[in-house]
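# Structural overview for review
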Amino acid sequence: MKNFVFCERFKNELEESELTQNEIARRCGIDSSCITQYKQGKSMPSIKTLFELCSVLDVSADYLLGLSDRKSILY
């Protein structure tokens, strides 16, 4: 269930971002195919990559993982 929440929220954040999938992958130091796998629910990012994704997308890890409904990193 949490994987589904992550996939949906991650896809939404990607769509809202003004960055391309390739640019996000480059900034996170991963291959763009990883982004596709995360979107499809085929894999989950490592903690290091999750941290980078949150930083690039300006969203909290708790939100992406479905632990909170607050997007903001700052409370």
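Before reading on, note that the structure itself is shown above.
Report on the accompanying structure. Chains are numbered independently. Their residues run from 1 in the order of the written sequence. Where local features are concerned, this predicted model is filtered to residues with pLDDT of at least 70; where side-chain atom pairs are given and counted, the filter is 80 or more; whole-chain, interface and lining totals use all residues. The basis for every side-chain value is the complete set of heavy atoms in the structure, and neither hydrogens nor water enter the calculation.

### Section: the side chain of E13
Under the convention used in this document: Helix numbering and strand numbering both begin at the N terminus, where a helix is a DSSP run of H or I of at least 4 residues and a strand a DSSP run of E of at least 2. Here a polar contact is recorded for every N or O atom pair within 3.5 Å, except that within protein the pair must consist of a potential hydrogen donor and a potential acceptor, and residues adjacent in sequence are included only if both atoms are side-chain atoms. Two residues qualify as a contact provided that any one of their heavy atoms is within 4.5 Å of a heavy atom in the partner residue.
Along the polypeptide, E13 turns up in helix α1 (residues 2-16). A distance of 3.0 Å separates polar atoms of two side chains, one belonging to E13 and the other to K71. Other than its neighbours up to four places away in sequence, E13 contacts L57, V59, Y63, L64 and K71.

### Description of unusual backbone geometry
What is expected of a backbone is that most residues other than glycine have negative phi and most peptide bonds are trans. Residues other than glycine seldom take positive phi values, yet D58 does so here, at roughly 55°. With respect to the element layout, D58 can be found in the loop between α4 (47-57) and α5 (61-64).

### Some words on the pattern of salt bridges
Heads up, the rule is: By definition here, a salt bridge exists when the distance from a side-chain nitrogen of Lys or Arg to a carboxyl oxygen of Asp or Glu is within 4 Å. Under the scheme applied here, a residue whose accessible area is under 20% of the maximum for its type counts as buried, over 50% as exposed, and between as partly exposed, the area being computed with a 1.4 Å probe on protein chains only.
Tallying each qualifying case throughout the model produces six salt bridges. For D69, the salt bridge goes to R9, with nearest N and O atoms at 2.7 Å. Of the two residues, D69 is situated in the segment after α5 and R9 in helix α1; the sequence distance between them amounts to 60 residues. Residue E16 is joined to K71 by a salt bridge in which the shortest nitrogen-to-oxygen separation is 3.2 Å. In this pair, E16 sits in helix α1 while K71 sits in the segment after α5, placing the two residues 55 residues apart along the sequence. For E16, a relative accessible area of 54% puts it in the exposed group. Judged by relative accessible area, which is 32%, K71 ranks as partly exposed. Residues participating in the shared-partner salt-bridge network are E13, E16 and K71.

### Here we look at helix α2 (residues 21-28)
To keep things clear, this is the line we draw: The arc under discussion is defined with respect to the helix axis, by the directions toward the C-beta atoms.
When we look at burial in α2, the residues that qualify are I24, A25 and C28. Along the axis of α2, the buried positions cluster into a sector of 100°, meaning they face one direction only. Along α2, exposed side chains directed more than 90 degrees from the buried face belong to N22 and R26. Looking at the residues trailing α2, positive phi occurs at G29, about 75°.

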